[in-house]
Amino acid sequence: MGNFGIWVLTICLIFQSGFGFYLPGSYPLKHVVGNYLSVKVNSLTSIDTEMPFSYYSLPFCKPVEGVKDSAENLGELLMGDRIENSPYRFKMHTNETEIFLCQTNKLSSDDFKLLTKRIDEMYQVNLILDNLPAIRYTRKEGFMLRWTGYPIGVKIKDVYYVFNHLKFKVLVHKYEETNVARVMGTGDAVEGFPSVGNKGSDVPGYMVVGFEVIPCSVMHNGDLVKNLKMYEKYPSPIKCEPTTVSMPIKEGEPIVFTYEVTFEESDIKWPSRWDAYLKMEGAKVHWFSILNSLMVITFLAGIVLVILLRTVRRDLTRYEELDKEAQALVNEELSGWKLVVGDVFRAPSNPALLCIMVGDGVQILGMAIVTILFAALGFMSPASRGTLITGMLFSYMILGIAAGYVAVRLWRTIGFGDHKGWVSVAWKAACFFPGIAFFILTILNFLLWGSHSTGAIPFSLFVILLLLWFCISVPLTLVGGYFGAKAPHIEYPVRTNQIPREIPAQKYPSWLLVLGAGTLPFGTLFIELFFIMSSIWMGRVYYVFGFLFIVLVLLVVVCAEVSLVLTYMHLCVEDWKWWWKSFFASGSVAIYIFLYSINYLIFDLKSLSGPVSATLYLGYSLFMVLTIMFATGTVGFLSSFWFVHYLFSSVKLD
């Protein structure tokens, strides 16, 4: 009963996660009135170029204590996040207006060109307070739109204006636990806050539950700020009108930056403070996608049942009821899949490559299942930036054991139990897909390095990734290969003839049917694919992992059914070369995903500018579709192998 309860809880959590369930990712921090709150800055980002840049690459105000990097995890660095301290600081529950920040040096020609270029490319400034990104609301056609970050500036009639005054609103909620000896924080939320001792435990405190920003372009008088120091009051009132701009950028002139902050008590509780970012849109569309997939699965399942229960069972029952003499006569009149009984388990071309790709596919599929399941259960919250990428990386490395085991055991099965060459297969399985990924990402990284983007992986991180690969992933894959070599190989149910049977001429190319089969798995996931692409390339937060997990399960089922049906169809026309075709019958979904990626680039990312940005997009898309091809192809091959083994193990032939 206990196990049943755990399963019920798990299923409930998965469905709950479809509606944005998450674990907050850090502990609530109590801030006493008057405590300083530090704002941090992340990389500048744009959906126009998809290349992040450092905040301080532009002429912005710098903190008095100097620019310092925050502690970052592996996932953050791979995503291009560069979190640094900023000069913006607030006092808890203390409203302040007309705060002078700084006056920059006179803009040089290079600074002017770079600033205007970044405005043309629609770059956004990303601020973080207590682990919450700054959010901006705009109204369009009666709808309230949410954005994270704010634009650097705007261009109107060939004149560039910079947003040099920020109006912050911090939503706070009264701290509900007053007897906590010490509260802990994670990441950038823990710095600079005094612990609350027993004596001060009854002092009222607040938690940050919202962080909003309104950018304004305000013309300041440079003469008024000559003797002002940072955080002193600007000598005249500042009117922040978001709908008007008045601070043009001019070469040879400085820019004055100011800000104001108001605190507002909110009913939002601390665990719900991420709801504004994770508010799921289009729930009906997600459910439509799932229902669409279920219809495809039902259709294919019907075909599979007809094959297994009607055709195969009927033929085998009839065959087994005959005596030996009748069987001999029937053997002469056999047709379809029964004729290839002596060739169906003949080794495919390039058997080592097939074993390596199937092993790598098992590793990728296992990584996807583990990562999405943990994310669906709420253990990888957006409050903990980079955890999703970090989790994927480490689960992939650990599952090297599965890759080595499957690759070597399949190799020994094809070789009728021969141990020869298993080390080579395990070694290649450890290096094949990671090598392809490393090659693609290195080329893209050189492009990012050349553009001085923070999206470029630092050389030190390259070394760390190589060490993780060769010190953890490769040894684990070899260990898995060792267990695969020790495990008994799968015995074939029938003997293979010495001379291969000639395959009759086909009315149509068999590969045409194989490539066309990818449309069915694509139909299962293309709606969810739009949301994933939007989150990656349009800067939106994707957090409906419950739906994604359901779609992944449906995709696996569809891939298995499609490959199984295609394999049976090939055997029926006496085509015994089913090994690779079963892999690509479901793996060909990658072709359609890549075509969809090109369509998304042309019609949805119209603003993507420059050959470097387009190359980055296509490079990452190629990496994504190769990953999907390995995973889906493996599902198709393993299901077909099981089907063929089951089918011919039922045949009694001398």
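One can find the structure itself at the top, above this paragraph.
Bear in mind that the values here come from a model prediction, so they are computed numbers and not experimental data. (Residues numbered from 1 in each chain as written. Predicted model: local features only at pLDDT ≥ 70, side-chain atom pairs only at ≥ 80, totals over all residues. Heavy atoms only, no water.)

Here Glu 84 is to be found in strand β3 (residues 84-91). Arg 82 is the oppositely charged side chain nearest to the buried, salt-bridge-free Glu 84, at an N-O distance of 7.6 Å. (Helix = DSSP H or I, 4+ residues; strand = E, 2+ residues; numbered from the N terminus. Buried < 20%, exposed > 50% of the residue type's maximum accessible area, 1.4 Å probe, protein only. Lys, Arg positive; Asp, Glu negative; His and termini not counted. Salt bridge = Lys/Arg side-chain N within 4 Å of Asp/Glu carboxyl O.)

In the structure shown here, the tally under the stated rule is two disulfides. Cys 61 shares a disulfide with Cys 102; S-S distance 1.9 Å. Taking the sign of the torsion about the S-S bond as the criterion, the disulfide between Cys 61 and Cys 102, at about -85 degrees, is left-handed. Placement of the pair is Cys 61 in the loop between β2 (36-41) and α2 (74-79) and Cys 102 in strand β4 (residues 96-103), with a sequence separation of 41 residues. The two residues Cys 61 and Cys 102 agree in class, both being buried. Disulfide pairing places Cys 216 opposite Cys 240 at an S-S distance of 1.7 Å. (Disulfide = S-S within 2.5 Å.)

A separate point is the packing of aromatic side chains. All chains considered together, the criterion is met by 44 aromatic pairs. The interplanar angle of 90 degrees and the centroid separation of 5.4 Å between the aromatic rings of Phe 438 and Phe 462 together place this pair among those described as edge-to-face. Remark: Phe 462 occurs in helix α11 (residues 459-486) and Phe 438 occurs in helix α10 (residues 422-450); sequence separation between them is 24 residues. On the numbers, 6.3 Å between centres and 45 degrees between planes, the contact of Trp 537 with Tyr 620 is tilted. Of this pair, Trp 537 sits in helix α13 (residues 519-537) while Tyr 620 is found in helix α17 (residues 611-649), placing the two residues 83 residues apart along the sequence. Judged by relative accessible area, Tyr 620 falls into the partly exposed class, the value being 30%. An aromatic cluster is present here, built from Phe 438, Phe 446, Trp 449, Phe 462, Trp 469 and Phe 470 joined pairwise through their rings. (Phe/Tyr/Trp six-rings, centres within 6.5 Å; stacked < 30°, edge-to-face > 60°.)

Moving on, we get to the sheet that holds strand β7 (residues 132-133). With antiparallel pairing, the four strands of this open sheet are ordered in space as β3-β2-β6-β7. Two strands close off the open sheet at either side, each with one partner strand: β3 and β7. (Pairing = 2+ DSSP bridges.)

This part covers the packing of helix α16 (residues 589-603) against α17. At a closest axis distance of 8 Å, the pairing of α16 and α17 adopts a crossing angle of 155 degrees. If you check the angle between α16 and α17, you find them roughly antiparallel. Where α16 crosses over α17, the handedness of that crossing is right-handed. In contact with Val 589, Ala 590, Ile 593, Phe 594, Ser 597, Ile 598, Tyr 600 and Leu 601 of α16, α17 contributes Tyr 617, Leu 618, Ser 621, Leu 622, Met 624, Val 625, Ile 628, Met 629 and Thr 632. Here the contact of α16 with α17 is composed, by residue class, of 14 nonpolar, three polar and no charged. (Axes fitted to C-alpha atoms, helices over the stretch in contact; angles between N-to-C directions. Parallel < 35°, antiparallel > 145°, perpendicular 65-115°, else oblique. Left-handed = near helix turned anticlockwise from the far one by under 90°. Contact = heavy atoms within 4.5 Å. Nonpolar A, V, L, I, M, F, W, Y, C, P; charged D, E, K, R; others polar.)

Turning to α13, a few remarks are in order. Of all the bends found along α13, the most pronounced is centred on Leu 525 and spans about 50 degrees. Gly 539, located one to two residues past α13, shows a positive phi value of around 70 degrees. (Bend = angle between axes of the 7 residues up to and from the residue.)

Our focus in this paragraph is unusual backbone geometry. Of note in this structure, Asp 158 is not a glycine but carries a positive phi near 65 degrees. Secondary-structure assignment places Asp 158 in the loop between β11 (153-156) and β12 (159-162). According to the relative accessible area criterion, Asp 158 is exposed, its value standing at 65%.

Across the ten residues of strand β13 (residues 165-174), seven count as buried, placing the element largely inside the fold. Pairing analysis gives ten bridges linking β13 to strand β14 (residues 205-216), with the strands arranged antiparallel. By the bridge assignment for β14, Phe 168 is matched with Val 213. Inspection of the sheet shows β13 paired to strand β15 (residues 256-265) by eight bridges, in the parallel sense. What sits directly across from Lys 167, in β15, is Glu 260.

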